[in-house]
Amino acid sequence: MKRYLSLINIFYFILLVVLLNSYMLVKQNLYSLIVIIPLFIILNAFPGMKPRGTKKLRLKVCNHGTLLLTLFVCSLIPSVVWHVILAFLTLPGAYMDLIFSALYCTLASAVVFWNGILCVYATSVQMGIKWRVIGALCGMIPVLNLIVLTKIINVTSEEIEFEIQKERISYDPKLAEICKTKYPIVLVHGIFFRDSILFNYWGRIPKTLKLHGATVYYGQHQSALTVENSAKELTARIKLIAERSPYGKVNIIAHSKGGLDCRYAISELGLAPYVASLTTVNTPHRGCLFAEKLLFAIPEKVKNKVAHAYNVTLTALGDETPDFLAAVGDLTASVCEERNKKLVFPNDIYAQSIGSVMSHPRKGKFPLNLSYRYVKNFDGENDGLVGENSFAWGEKYTLLRTEGNRGISHGDMIDLNRENIRDFDVRAFYTELVSDLRKRGL
């Protein structure tokens, strides 16, 4: 709440307390409403709508809502104190004045609260589903609702502070071209996802890279195919991008299965002349023993039903020939081992790999917080899906951890949940990653 300790906000607080507890003034002079109502409307409309450092409407509305909730919480104590004093002044003779004053204050406070809570619910990213549900469930429980509300205020105020800082960095003229690589960037998604305009698989990463000068394209391949078939689609797509670019090559950053698809395309399908570098992110180069055991354990009928449901759904969403079981089967440890024996990667393409691990399952997002324990039984330290011993490949390998017990999951590495992790700034990481490619002349 430190962000809101300013002279103007202290003025808003004093004004709100006066307005919330102005019933006795209104009773004595009804015309005072001519001043009170406009002031109350202004107080609900303008505070926090012009935070320094941002032009984003989402952050402005979120800041407005957070400030209103802060004012609401802070006004509770003086309002209670005033009504205790009023009780001594009015009881027992004029008890109705106390009742009407309390109702007046409660209704006006409710307007401020609902204005604030709707603003943050509609605009906050970091609250996630978790705090939205907790807030809704605890809303009618005295004391607990104030504790939860305070937590929500802390979450949203930290989000605003962090996002404004990121915005300042993004628009810093000195950093405008730090990601302007010689060759364009192609982002290649993993299994079970598609490149969509409505929901970007890579979260806030592409926008950040573009603000720093990068040219970004996407793989645009189907969500679930064998490695070979995905590689064929990517080969056609990446060749087209490379041929249209000034220097005829691209830098590929591929996540999860996308890394396997790109390796195959480069080694087996003639994509090598069009690629300057390949960076794999949390790719299971040696496969997932967890996936192999799971496929073996699940009854055939169940597997076929799940696969059929997936294939039908993704066909409706735009995939031409999705194949759930074939895609998953190509991620098993035995299949990856056989594939690795055949693939020979060219020496003239810069190759690097990145991996991450979760530190504690409870701190991650659903469903990777649940799968972490099961994967650990088979693959050891992991990101919720892939074991750490499967990540390393290429000339350079980077393993990411956090100092706290949060860790970095498979989804965190592509900003899937748009979560600001305390010890891992995903946007800064990719900015540094692409900046390094630029320094290498790529």
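Details of the structure are given in the entry above.
First, a word on what this report is: a plain description of the structure on this page. Keep in mind the model is a prediction, meaning the values are calculated, not measured. (Residues numbered from 1 in each chain as written. Predicted model: local features only at pLDDT ≥ 70, side-chain atom pairs only at ≥ 80, totals over all residues. Heavy atoms only, no water.)

Moving on: the overall build of the protein chain. A tally of helices and strands in the protein chain yields 16 helices and six strands. Seen along its three principal axes, the alpha-carbon backbone of the protein chain occupies a region of about 95 × 55 × 40 Å. For the protein chain, with 442 residues in total, the buried portion stands at 50%. A separation of at least 24 residues holds for 77% of the contacts in the protein chain among residues at least 6 apart in sequence. Within the structure as shown, the protein chain displays about 22200 Å² of accessible surface, and the carbon and sulfur contribution to it stands at 64%. Charge centroids of the protein chain, computed over 50 positive and 36 negative side chains, lie 6 Å from each other. (Helix = DSSP H or I, 4+ residues; strand = E, 2+ residues; numbered from the N terminus. Buried < 20%, exposed > 50% of the residue type's maximum accessible area, 1.4 Å probe, protein only. Contact = heavy atoms within 4.5 Å. Areas by Shrake-Rupley, 256 points an atom, 1.4 Å probe, with all protein chains shown as cover. Lys, Arg positive; Asp, Glu negative; His and termini not counted. Charge placed at Lys NZ, Arg CZ, Asp CG, Glu CD.)

Moving on to the pairing of strand β3 (residues 250-255). With six of six residues buried, β3 lies mostly within the body of the structure. Burial along β3 is two-sided: the face carrying V250, I252 and A254 and the face carrying N251, I253 and H255 are both buried. Examined bridge by bridge, strand β1 (residues 185-188) and β3 share four bridges and lie parallel to one another. Bridging across to β3, V188 finds its partner in A254. In this structure, β3 lies alongside strand β4 (residues 275-281), joined through six bridges in parallel fashion. If you follow I253 over to β4, its bridge partner there is T279. Chirality of the crossover, the property in question, places the unit of β3, helix α10 (residues 257-268) and β4 among those that are right-handed. (Pairing = 2+ DSSP bridges. Right-handed = clockwise from strand over helix to strand, strands pointing away.)

A few words on the packing of aromatic side chains. Evaluation of the coordinates by the stated rule reveals 15 aromatic pairs. Here the aromatic rings of F11 and Y12 are separated by 6.1 Å at their centres, their planes lie at 50°, and the arrangement is tilted. Given the relative accessible area of 16%, Y12 is considered buried. Counting every residue linked through ring pairs, the aromatic cluster contains F193, Y201, W202, F424, F429 and Y430. When the ring centre of Y247 is taken as reference, the NZ or CZ atom of K182 above it lies at 5.0 Å. Cation over ring: R418 sits above F199, and NZ or CZ is 4.4 Å from the ring centre. (Phe/Tyr/Trp six-rings, centres within 6.5 Å; stacked < 30°, edge-to-face > 60°. Lys NZ or Arg CZ within 6 Å of the ring centre and 35° of its normal.)

The contact between helix α1 (residues 7-20) and helix α5 (residues 95-123) brings their axes to 9 Å, and the two run at 140°. By the angle class used here, α1 and α5 are oblique. Between α1, through L16, L19 and L20, and α5, the contact on the second element is made entirely by Y104, C105, A108, S109 and V112. The residue inventory of the contact of α1 with α5, partitioned by class, reads seven nonpolar, one polar and no charged. (Axes fitted to C-alpha atoms, helices over the stretch in contact; angles between N-to-C directions. Parallel < 35°, antiparallel > 145°, perpendicular 65-115°, else oblique. Nonpolar A, V, L, I, M, F, W, Y, C, P; charged D, E, K, R; others polar.)

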